[in-house]
Structure formats: C-alpha cells, structure tokens
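# Structure assessment
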Amino acid sequence: MILLDGNLFNRKVLMQLKGTSRVSGLAVSIAKPNPPQGFSPGLKCPNDGFGVYSKDYGPQYAHCNTTVWNPVGSGLSYEDFDFPIFLLEDANETQVIKQCYQDHNVPRDGSGPEYPLCAMQLFSHMHAVTSTVTCMRRNSIQNTFSINPETVCDPLLDYNVWSTLQPINSSGKVDREQEVIIVATRIDSHSFFWNIAPGAESAVSSFVTHLAAAEALHKASDVHSLQRNVMFTFFQGETFDYIGSSRMVYDMEKDKFPLRLDNIHSFVELNQVALRNGSVLWMHTDPVSWMNESVQTQVRNLLDILSNSSVGANVTLQEAGYSQPLPPSSFQRFLRARHIPGVVLTDHQAAFQNRYYQSMYDTPENIRMQYPEGLSPEETLEYVTDTAKSLAEVATVVARALYRLAGGANNTSAIQADPKTVTRMLYGFLIKMNNSWFQSIIKPDLKGILGDVPQHYVAVSSPVNTTYLVHYVLANLTGTVVNLTKEECLNPDKTPNAEKELYDYAWVQGSLDPNSTTRVPYCVRSTVRLSKALSPAFELRQWGSTEYSTWTESRWKEIRARIFLVASKELERQNY
C-alpha cells in the first residue's frame, strides 16, 4: 500500500507501479500548491476520433496531426489499473497515515520494525469488467433471463439544457423557413477521481459566460421582433466523446427535436475563455468549410460581426487562422452532419492555456479568482472579482454579436452583461452551491441538491446538480415573474392563456423575507427545457460503436478506507 505525494502522481510513476504485482492500493495526497508544471490526466488529443476530422473529412487534421491541444495530457484517466487509487483532499488524513507509519513501521536502532505494524486497506470493488460491450451484454442477459437481474454497469446519462430567445412550440416543429442561431457550451468536466470535477476553466468559465450573455440579450427591447431566433444550448457529457451534442444532432436528424438541422443559420460556441492573454479572444473556424464558397461567405460575415461587436470593449477578437482545425468542441458534431457556418471562441490560439485540463486542479485558483480575506459567505457571493469582470466583457461581446446575427439594427451599447451576476455564478458553481442566491431560485423540493462542494461530473443518475442549477439560473436570468398562484403555476395546463407548449413554469422558493425565516415564493415563466443526453449508441444497442460515445460507469460496492494495527503472526496464532 503506497501513500503518494501529489507532485509524484504522474504517468511515469503510475506506469511503474502498474507494472509490479506488489502494489495493492494507492492513496494520493493532493498537491498544494498546484503542480507548477501542470497536470492533466486527459488525452493530448481530447475526444479523438469522435469529432469531425477523419479519413473522410480533413484527414490532415485528424488525431491532432497539426495541433496538439492538450500537450500536458498524460492519458492516465484512460489507463486500466487493477488496484484502487484514492485521493486524500484533507491534509489531516494524510498526516494521520504518516504518523501511524512513523510510530509503528519505521525501524528503530538498526533493527527491523516491531509489531504491531500500521496497515491500510482500500475498498473499491467494481462489478463491471473488460469493456462496455461486455458489461452491457451481461446486463442484457441478466434482464432477459434472471428473475432478480443484477446490473453491472450503466451508461453515462443526463440532460442537455436549452432555451430560445423567442418561444417555440417544444412539442411541435419549427417552420422550415425559420432560421435559428445556436449558442453552445459544455457544462460537464472530469478528473481522474470519481465525483471530483471542479472544471473551472474547462467548463464553468464558458457556461457562466454563456448564461450572462443570454441574460444581456434578453434585456434588449426588440428581441421578440428579431428576424432570427437564438437558441442557448448547454450540453452535458461532452467530456466523454460528445454525449450531449451527438444526441441533439441525432434527435434533429430523426425529427425528435423541435428544430431540424436545416433551421440552423449559424453556430457560436464558447469554449475555455477565462485565461486570456491580455484582452485577446481567439476565433476558430473549420478550414475544410472554407473550401465551400457559400459557407465561406457566411463564416466571413460571422467573424466580421463578432469583431465589430468587440469595438469599445476590453476584448480583442483575432482569427486563429485558416490552416488550423477546430479545437475539441460540440460544433464538430454538428459539422459531421451538415455544413454549418460556425465559430468556436477560446482563450488559446493553439494549445490550451489551461495546464490542468480535466484534473482536480482546475479550481477557482486556476482562473485567478481572488477574494479579500475576512469576507463572510454572503459578502464573498456579492464580491465582484476581476475574473467576473473579464468574463462579463466576453459575455457582452457575444450578446451584441448575437443581436446583430439575429437581424437587430438598433445600437448595441445598451446590451451589457452584468459582472455582479457573473460573480454570483462563479461563486455558486465553483465555491459554494449552497448559497442564498441559488436557494432563492430553485424549487422547494430541490433544495437537497445544494451541496457545499461543486463538482461537474456527468454521472449516471440524472439530472445531476449542475444540470438542475444551470436550468434554474437560466430561467431566473431570462424568464419572467408571472402573477400566478402556486396551484396555477404547478398546473399550467389548467390555467387560461398559459401556453404550456411555449413556456415552462416553475414555482421557486424565493428569497428570505427581511427579518424573518420564511421565504417569499413566486412563479417563473421561461422557455428553458431539458432534452436527453444519452448516447444514441445505447438506444441503437451498438455498444461497440465508433460513431457515438459508448462510455459506461461500473456499479460498485461501498467505497471506503481504513488504517489499523496488525499483530504478529505468532500473536495471532496464540490468540486463536
């Protein structure tokens, strides 16, 4: 059993340990401060093979041939270790183990260690074996022939969150002539360790910026008369080979979604945006699309509108270049299905600025979030950080560009993202979910989702906390408070003029009444909806698919650890 310093948790050491039969478990103490050289257990080429580039489409760009996006990626998350590996986040736990070892296992006066000896056990039995194909086949056999079937693994599963600027019939079909601009981002992250996925730069920075842009655009006075609609889309499971985006494309192709691919006018994606060098934000486009003259014209227009929208803002938009492929992005899944004009916005021109991509170190500190000492939780929630100001600037540019793309002709100076809203979201999604603002905007029966430590892993029981909160934050920022009773709000199909097919209604807790412990609930009407984020591979029963994600999570018995003292063999025999 090995206690490993976090600075030694790297591929070289892990592969040496994997190659010996003497290791039965590994406890890793988290490195503080973060490893200065960077640490990413993800791949150097994230989601390789599931994007748009292949032998049939831009083969010269496939497998990161021209750009290695995540150069510090070690690929450890994709290795199979036959011993349990636990993370110790609490320095006190690490010290207890070290003290036990020093007290009982360190040799004294040149002789060997004396009994009793300090020992440690890690319990993490996994039911699934080999691969998704094997475990899903076993599930199928169990469900077919067993009276009490035992599931050994589950597909990664959750929901995408989406809403539109102008309401659409969620149960019908948008007219073929209606053009829609899709704004997209991912809301999930990952690390080597289960349920530890802070994702500050890899996910939170982008979806918080997206939410702020949605709020800013909704406040424009003429949004309901714009020529084109805008759809705000938050994809789940993107870390695992684009689960959410591939499912939405599949549903659009199969007429299981209100929009068709034909309705998409253009695509704007927010990727990692918190670590800008100076004011520069990079615009990435698909070099293969530039060969199509009509798409090239539309992409050029898209880039010009974005650039013009940054005038007067502390954001400088630059083109990444036509010879470079798109970075890993949800947009790639849409390009696999159809030539769509689109752009991906990032803080990096080539390789990621983020040295902690898909790791436990992608924390608020990684995106330079800093607070003065001595603030109360409520004061911290409201304190506007420099990071919040920077992301609000990006959100302002995106909102103004979307307004122009949608056909807006008025002056855009009034379209402004709110840094206070951004700072609240950063605090809630990265530091403390259980805060007064989040408490006020969710349904009363969901207050149990507000844990103290945010994490953004997609998981298998859905919706996860992140999905719920993105849903209700988006509804709060873009919806309308309506004068309905609780009964009317919870039963809009029985309420006159509710237009339930166009709107979603939520009865939320509201803020605490001043000088009281009771809340003032109210009804919010919005266009926010959920759609399934389950890979089509599992509906098609193509468990070995190379077209769609096939990630599953093993079922397991309880996960726990213990340290204890062991007596000598002789004493054990005497007592027995």
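Residues numbered from 1 in each chain as written. Predicted model: local features only at pLDDT ≥ 70, side-chain atom pairs only at ≥ 80, totals over all residues. Heavy atoms only, no water.

## A word on the packing of helix H6 (residues 293-309) against helix H9 (residues 386-405)
For the record, the criterion: All axes are obtained by fitting lines to C-alpha atoms, using only the stretch in contact for helices, and the reported angles, taken between N-to-C directions, cover 0 to 180 degrees. Put simply, DSSP H or I for four residues or longer makes a helix, DSSP E for two residues or longer makes a strand, and each gets a number counted from the N terminus. Angle categories are assigned with fixed cut-offs, so that under 35 degrees is roughly parallel, over 145 is roughly antiparallel, 65 to 115 is roughly perpendicular, and the rest are oblique. The sense of a crossing depends on the near helix, which, turned anticlockwise from the far helix by less than a right angle, makes the crossing left-handed and, turned clockwise, makes it right-handed. Only heavy atoms matter for contacts: two residues are in contact if any of them lie within 4.5 Å across the pair.
The geometry of H6 relative to H9 is characterised by a closest axis approach of 8 Å and an angle of 135° between their N-to-C directions. If you check the angle between H6 and H9, you find them oblique. Crossing handedness for the pair H6 and H9: right-handed. Of the residues in H9, those touching H6 at Leu302, Ile305, Leu306 and Ser309 are Val397, Arg400, Ala401, Arg404 and Leu405.

## Looking at the sheet that holds strand S13 (residues 480-482)
Applied cut-off: In this analysis, strands are considered paired if DSSP registers two or more bridges between them.
Spatially, the 3 strands line up as an open sheet ordered S13-S15-S14, and their pairing is antiparallel. A strand with exactly one partner marks an edge of an open sheet, and here the two such strands are S13 and strand S14 (504-508). When the angles between neighbouring strand axes are averaged without regard to direction, this sheet yields 35°. In this structure, S14 lies alongside strand S15 (residues 522-526), joined through 5 bridges in antiparallel fashion.

## Observations regarding H6
Defined as follows: By this rule, a helix spans an expected 1.5 Å times one less than how many residues it contains. Under the scheme applied here, a residue whose accessible area is under 20% of the maximum for its type counts as buried, over 50% as exposed, and between as partly exposed, the area being computed with a 1.4 Å probe on protein chains only. Of all possible arcs, the one meant is that of the directions from the helix axis to the C-beta atoms.
Its 17 residues place the ends of H6 24 Å apart at the C-alpha level, agreeing with the 24 Å of an ideal helix rising 1.5 Å per residue. Every buried residue of H6 is accounted for by Val295, Val299, Leu302, Leu303, Ile305, Leu306 and Ser309. All buried residues of H6 fall inside an arc of 160° around its axis, so they share one side. The outward face of H6, more than 90 degrees from its buried face, is lined by the exposed residues Glu293, Thr297 and Asn308. For H6, the secondary structure elements touched by its buried residues are strand S9 (264-270), strand S10 (280-284), strand S11 (316-319), strand S12 (342-346) and H9.

## Details of the sheet that holds S11
Pairing is mixed in the open sheet, where 8 strands are placed in the order S11-S10-S12-S9-S7-S8-S6-S16. Unpaired on one side and paired on the other, S11 and strand S16 (529-534) mark the two borders of the sheet. Across the sheet, the mean angle separating the axes of adjacent strands is 25° when strand polarity is ignored. Sheet topology places S10 next to S12; 3 bridges connect them, and they run antiparallel. Within S12, the residue paired with histidine 284 across the bridge is valine 344. In the packing of helix H5 (residues 243-253) onto the sheet, contacts are made with strand S6 (157-164), strand S7 (180-186), strand S8 (229-235), S9 and S16, and the angle to S16 comes to roughly 105°.

## A word on the packing of aromatic side chains
How we decide: Only the six-membered ring of Trp is used, alongside the rings of Phe and Tyr, when aromatic pairs are assigned; centres must lie within 6.5 Å, and planes under 30 degrees apart are stacked while those over 60 apart are edge-to-face, with the rest tilted.
Enumeration according to the criterion identifies 26 aromatic pairs in this entry. With a centroid separation of 6.0 Å and 75° between ring planes, the pair formed by phenylalanine 240 and tyrosine 457 is classed as edge-to-face. With phenylalanine 240 in the loop between S8 and H5 and tyrosine 457 in the loop between helix H11 (436-441) and helix H12 (465-478), the pair connects residues that are 217 residues apart, well separated along the chain. You can call phenylalanine 240 buried: its relative accessible area is 4%. Using a relative accessible area of 9% as the deciding quantity, one classes tyrosine 457 as buried. When the centroid spacing of 5.7 Å and the interplanar angle of 35° are considered together, the rings of tryptophan 437 and phenylalanine 438 count as tilted. Using a relative accessible area of 0% as the deciding quantity, one classes phenylalanine 438 as buried. Connected via pairs of aromatic rings, a cluster forms that spans Phe9, Phe39, Phe81, Phe83, Phe192, Phe193, Tyr356 and Tyr361.

## Here we look at the packing of helix H4 (residues 200-218) against H9
Definition in use: In the scheme used here, Gly and all other residues not listed as nonpolar or charged are polar, with Ala, Val, Leu, Ile, Met, Phe, Trp, Tyr, Cys and Pro taken as nonpolar and Asp, Glu, Lys and Arg as charged.
The contact between H4 and H9 brings their axes to 8 Å, and the two run at 50°. Classified by the angle between their axes, H4 and H9 sit oblique to one another. Here H4 runs over H9; the crossing is right-handed. For the pair formed by H4 and H9, the contact residues are Ser205, Thr209, Ala212, Ala213, Ala216 and Leu217 on the first element and Leu391, Val394, Ala395, Val398, Ala399, Leu402 and Tyr403 on the second. Of the residues assigned to the contact of H4 with H9, the class counts are 11 nonpolar, 2 polar and no charged.

## So, the state of the cysteines
As used here, a disulfide is simply a covalent bond connecting the sulfur atoms of two cysteines. The cut-off we apply is this: Any pair of cysteine sulfurs within 2.5 Å is marked as a disulfide.
Applying the stated rule across the entire model yields 4 disulfides. Each disulfide pairs two cysteine sulfurs, and for cysteine 135 the partner residue is cysteine 153, the sulfurs being separated by 1.9 Å. Between cysteine 135 and cysteine 153 the sulfur-sulfur dihedral comes to about 80°; the bridge is accordingly right-handed. Of the two residues, cysteine 135 is situated in helix H3 (residues 132-145) and cysteine 153 in strand S5 (residues 153-155); the sequence distance between them amounts to 18 residues. For the pair cysteine 135 and cysteine 153, one class covers both residues: buried. Residue cysteine 489 pairs covalently with cysteine 523 via a disulfide, S to S 2.1 Å. The sign of the S-S torsion, about 80°, decides the handedness of the disulfide formed by cysteine 489 and cysteine 523: right-handed. Taken together, the residues cysteine 489 in helix H13 (residues 486-490) and cysteine 523 in strand S15 connect sequence positions 34 residues apart. Judged by relative accessible area, which is 2%, cysteine 489 ranks as buried. Regarding the disulfides, the protein chain carries the connectivity 1-2, 3-4, 5-6, 7-8 under sequence-order numbering of its bonded cysteines.

## Section: the UniProt feature "domain: Nicastrin small lobe" (unreviewed entry) in the protein chain
In plain terms, the rule: UniProt positions are given in the numbering used here, feature names are shortened, and annotations may be inferred rather than shown by experiment.
Feature annotation in UniProt assigns "domain: Nicastrin small lobe" (unreviewed entry) to the following positions: residues 1-128. Across residues 1-128, the secondary structure splits into 17% helix and 15% strand, with the terminal C-alpha atoms separated by 24 Å.

## Some details on the pattern of salt bridges
Heads up, the rule is: Salt bridges are identified by distance alone: a Lys or Arg side-chain nitrogen within 4 Å of an Asp or Glu carboxyl oxygen.
Scanning all chains against the criterion turns up 21 salt bridges. In this structure, aspartate 154 engages arginine 555 in a salt bridge whose closest nitrogen and oxygen atoms are separated by 2.5 Å. Residue aspartate 154 is found in strand S5, and its partner arginine 555 is found in the loop between strand S17 (552-554) and strand S18 (560-566); the two are separated by 401 residues along the sequence. For the salt bridge of glutamate 179 with arginine 228, the shortest nitrogen-to-oxygen distance reads 2.7 Å. On the criterion of sequence distance, the pair formed by glutamate 179 in the loop between S6 and S7 and arginine 228 in the loop between H4 and S8 is long-range, its members being 49 residues apart. By sharing partners, the salt bridges in this structure join Arg247, Asp251, Lys256 and Glu539 into a single network.

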